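Structure at a glance
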Amino acid sequence: MKKIKMDTVRRKKCKNIFFVGFLVILLVLFFVISKFYINYVKKITYGNVYNNITELSEQTATQLNLTIDNQKKFVEIMIDSINSGFFFDVSEIFNRFRDDLDSYHFTRLVILDEDGNGITSDGYNVKNYPNIQEFFLQEDVYLSENRPSTVSDNQVNIYSKTFKFKKKKLVLFATIDTDNYKEILSRRLFNGNGGTYLINNDGDVLIDSYDKIKNSNVNFYDYVKNEYNIVSGNDIKKLNKMQDEINNGNVGTFHILLSKKVYFLHYEKIKVNNWYVVTMAQDSTIASEIEQFLLLSFLLFGIIISLLLFVFIYMYLSNKKKSKKLYETAYIDSITKLGNEIYFKEKGKTFLANKVRNRYVMVIDINKFRYFNRLYDYAFSNLVLEEFGKCLTSVMPDDSIISRMSRDEFVSSFKYDLDINDLVDAIFDKVSKLRVDNIDLNLNVSIGIYKVKRSDTDINKVLDKAYMAHSKIKGMYRYNFYIFDELLEEKFIEEEQIESDMKTALANGDFKILYQPKISVKDEDFVGCEALVRWVKNDKVIYPDKFIPLFEKNKFIIKLDLYVFEQVCKDVNNWQKKYQFSPVVSVNVSKGHFVDEHFIDEYVKIADKYGVDVSKIDLEITETSAIDNNIIKILDYIKKKGFIISIDDFGTGYSSLSMLQNMPIDIIKIDKIFVDSIDYNSDKNIINYIVSIAKHLNIKTIVEGVETEEEVKFVKNLGCDIIQGYYYSKPLSKERMEEFFKKYNE
Ligand code: C2E
Ligand code: CA
Ligand code: CA
């Protein structure tokens, strides 16, 4: 039992690993598919947003470019006019261009010398303008980054260009309020979620259209990282990529997760100073739609996956239950919870493979359990079997394999290093003391033992040997056991020989049929004969008692019986043709046939093939097969087909005369042992008793094995109908049989 449990555990473990593995694969699959799915959905929906934001950014950049271009051109025009020598002093220059300033959004003009001293077009004096060198270093029209105005609170940008005036190197400033650019940048509204920035090559924010960045000189990348608390490495990577691209003068679009919201960014280069317009927007509608869509998708995915999982788990569990049940019905005996025959043989393989000393196989049979069965009810005898199983388990060595083979028959394989007689004594002792429901059962067992040899590899053979040993003591009254010995070994080898020869013998026609006549008591007439098989092997005759029991064990008897029947039909057919007569022939039918309810159909088919009338065929069925439960149904069916039915060896089995009442039986054959044990001094004997009841039931009687005249006389007096025995004739060959019935028919 321990072993069975371990097996189940191992099986369970295997299945669990498989199950968990499957779940993991399912989950991984789910995540991979989800990831692909999300990316796909994002790609198509984000694609639109990318286009929109790029367009916005490009438009802003174009407007900035146009404005700056115009303003630059105006500065160039002014310088060209100055250089053409048209003006005599600075105020003339101012006067000439003052009216045009407004249309280019300039606030004022300033002319400064290399020390930063000069005058503005609206009448301010400027002293030591800071960093004036920056402007004198530029050759072309230059646009400065925004800086505080020297004359107002505003931020300004300055266009500048140097020129020579009256042999002095001067610079012309055209100043513009940074708010002008801010206005261009803020033409697109993003509801506060994002904005447009002008940044320089290093990422420093020049203009923030929404004034979110309060301090100037803030770096855009740092601002975004700090403001939105970016921690995800992926988003930092995206920002770094933007920085690289800007350094290389490229434009680009991307999205990034800021405060759990998706922001879209586009950076577009403008024509001046490697400045970039950065447009950043959170597309709330699209983002939330996507989110909703994804949420719904996930929900749906989730439901489907859970459903699948549920179905899968359900199937797995019910399968597990089923296979456990299957395992139990296949290997476990339902009454004792020990193993069954299949289990024993399965385990037997490893038992035999483990070639250690002192291994045994034991058959333990409860004596007279049949009577016991009748004494108590079925449930109680099952309980006895269960307790008996426990009792055996407790007394057998550890690690023994114990199985129940049939109703009251147990087998065990085990290793035992002490004297085996001690173990047998212990079993006898323990079993005899077994009590169930406070009832002393007084159980006796008979034990057959086989000591396993190293050369043994076939558990069936090993079992056969234990059974063979057991059969040596079957029928003995009190405790007993038998250990397989040399004598049995010889018999075993002989039987093995028979088994290996039987098929060829059948094919070669080595099984011959003899016929023993049956004579009627009334007028000593010939009334029929019994077909008896012989095996002629190398000119030697082998009698059925040598091979029939073995064939009954290995089921070969089914084939042999049919063969005999076919030979009989052939002979009957011949006799019919030759003499227009054939006797009633009795054929022995082994109990092995009775497992198949309609086995007789095969007999009918053969009889038909040879045109034999089955009402002249008498089937001899042994009494032991006749006490089976299903028998009446089968006999009825045989009777319906038209055969004569005899009960063979009557009186040796366990059937009672009363059972005959319900059976469609024509003849009872009284076994030879009753003839052998006739007490001539008494008129009370069994034959007498059987004959009178049979008469009462309208059943004919045959007495078998009548050898002497004395016996004939005696039997005749009992009023039985037919005699079969050596007194009239031994079994005869087909030819001698012909002569026999011809003589009788004359
Ligand atoms: P059985 O059916 O009881 O057959 C009667 C046996 O008693 C035969 O032995 C027969 O030769 C023997 N016998 C008949 N009269 C006398 C007598 O006066 N004195 C003595 N000492 N013996 C007598 P056999 O032929 O050796 O057959 C033995 C058993 O083998 C049969 O017993 C039957 O059970 C079985 N058998 C024989 N042929 C077949 C067969 O074709 N199929 C099957 N299933 N069993 C068969
Ligand atoms: Ca017979
Ligand atoms: Ca018989």
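Residues numbered from 1 in each chain as written. Chains lettered and ligands numbered in written order. Predicted model: local features only at pLDDT ≥ 70, side-chain atom pairs only at ≥ 80, totals over all residues. Heavy atoms only, no water.

This part covers the coordination of the calcium ion (ligand 3). At the metal site, the calcium ion (ligand 3) is ligated by Asp648 (OD), Asp649 (OD), Glu704 (OE) and Glu704 (OE), and these contacts range over 2.2 to 2.6 Å. Mapped onto the sequence, the residues coordinating the calcium ion (ligand 3) show the spacing D-D-x54-E. A spacing of 4.2 Å is found between the calcium ion (ligand 3) and the calcium ion (ligand 2), which share Asp648 as a donor. On the basis of relative accessible area, Asp648 is assigned to the buried category, the value being 5%. According to the relative accessible area criterion, Asp649 is partly exposed, its value standing at 25%. (Donors = N, O, S within 2.8 Å, 3.2 Å for Na, K, Ca; no water. Buried < 20%, exposed > 50% of the residue type's maximum accessible area, 1.4 Å probe, protein only.)

Another aspect to go through is the site of ligand 1. Around ligand 1, a shell composed of 22 residues is seen, among which Arg534, Asp561, Asp648, Glu707 and Tyr726 lie nearest. Backbone polar atom of Val533 to a nitrogen atom of ligand 1: 3.2 Å apart, as the coordinates give it. Between Asp648 and ligand 1, the recorded distance is 2.9 Å, taken from a side-chain N or O atom to an oxygen atom. Out of a free accessible area of 790 Å², ligand 1 has 83% covered by protein chains. Breaking the shell around ligand 1 down by element, the ones donating at least two residues are strand 21 (526-537), helix 14 (544-554), helix 15 (556-579) and strand 25 (644-650). Its residues placed into classes, the shell around ligand 1 shows nine nonpolar, five polar and eight charged. (Near = heavy atom within 4 Å. Polar contact = N/O pair within 3.5 Å; in protein donor to acceptor, adjacent residues only side chain to side chain. Areas by Shrake-Rupley, 256 points an atom, 1.4 Å probe, with all protein chains shown as cover. Helix = DSSP H or I, 4+ residues; strand = E, 2+ residues; numbered from the N terminus. Nonpolar A, V, L, I, M, F, W, Y, C, P; charged D, E, K, R; others polar.)

For the structure on display, the rule yields three cavities of 30 Å³ or more. Looking at the largest cavity, its volume works out to about 110 Å³. Surrounding the largest cavity, 14 residues form its lining, Val110, Tyr129, Ser149, Thr150 and Thr175 being those nearest its centre. Breaking the lining of the largest cavity down by element, the ones donating at least two residues are strand 1 (106-113), strand 6 (155-165) and strand 7 (168-177). In terms of residue count, the dominant contributor to the lining of the largest cavity is strand 1 (three residues). (1 Å grid on protein atoms, 1.4 Å probe; cavity = no way out; pocket = protein on both sides within 12 Å on 5 of 7 lines; lining within 4 Å. Points joined across faces, edges and corners; volume = space filled by probe spheres on them.)

Distances from the calcium ion (ligand 2) to its protein donors, namely Glu530 (OE), Asn588 (OD1), Glu620 (OE) and Asp648 (OD), fall within the range 2.0 to 2.3 Å. Spacing between the donor residues of the calcium ion (ligand 2) along their common chain follows E-x57-N-x31-E-x27-D. The class for Asn588 is partly exposed, based on a relative accessible area of 26%.

Attention now goes to the packing of aromatic side chains. This model, assessed by the stated rule, comprises 41 aromatic pairs. Between Tyr129 and Phe173, the aromatic rings sit 5.2 Å apart at their centres with planes inclined by 80°, giving edge-to-face as the arrangement. In this pair, Tyr129 sits in the loop between strand 3 (125-126) and helix 3 (132-136) while Phe173 sits in strand 7, placing the two residues 44 residues apart along the sequence. The pair Tyr129 / Phe173 is uniform in exposure class, with both members buried. Feature note: the residues Phe74, Phe86, Phe87, Phe97, Tyr104, Phe106 and Tyr159 constitute an aromatic cluster, connected by ring pairs. Directly above the aromatic system of Phe351 lies the positively charged group of Arg359, at a separation of 5.9 Å from the ring centroid. (Phe/Tyr/Trp six-rings, centres within 6.5 Å; stacked < 30°, edge-to-face > 60°. Lys NZ or Arg CZ within 6 Å of the ring centre and 35° of its normal.)

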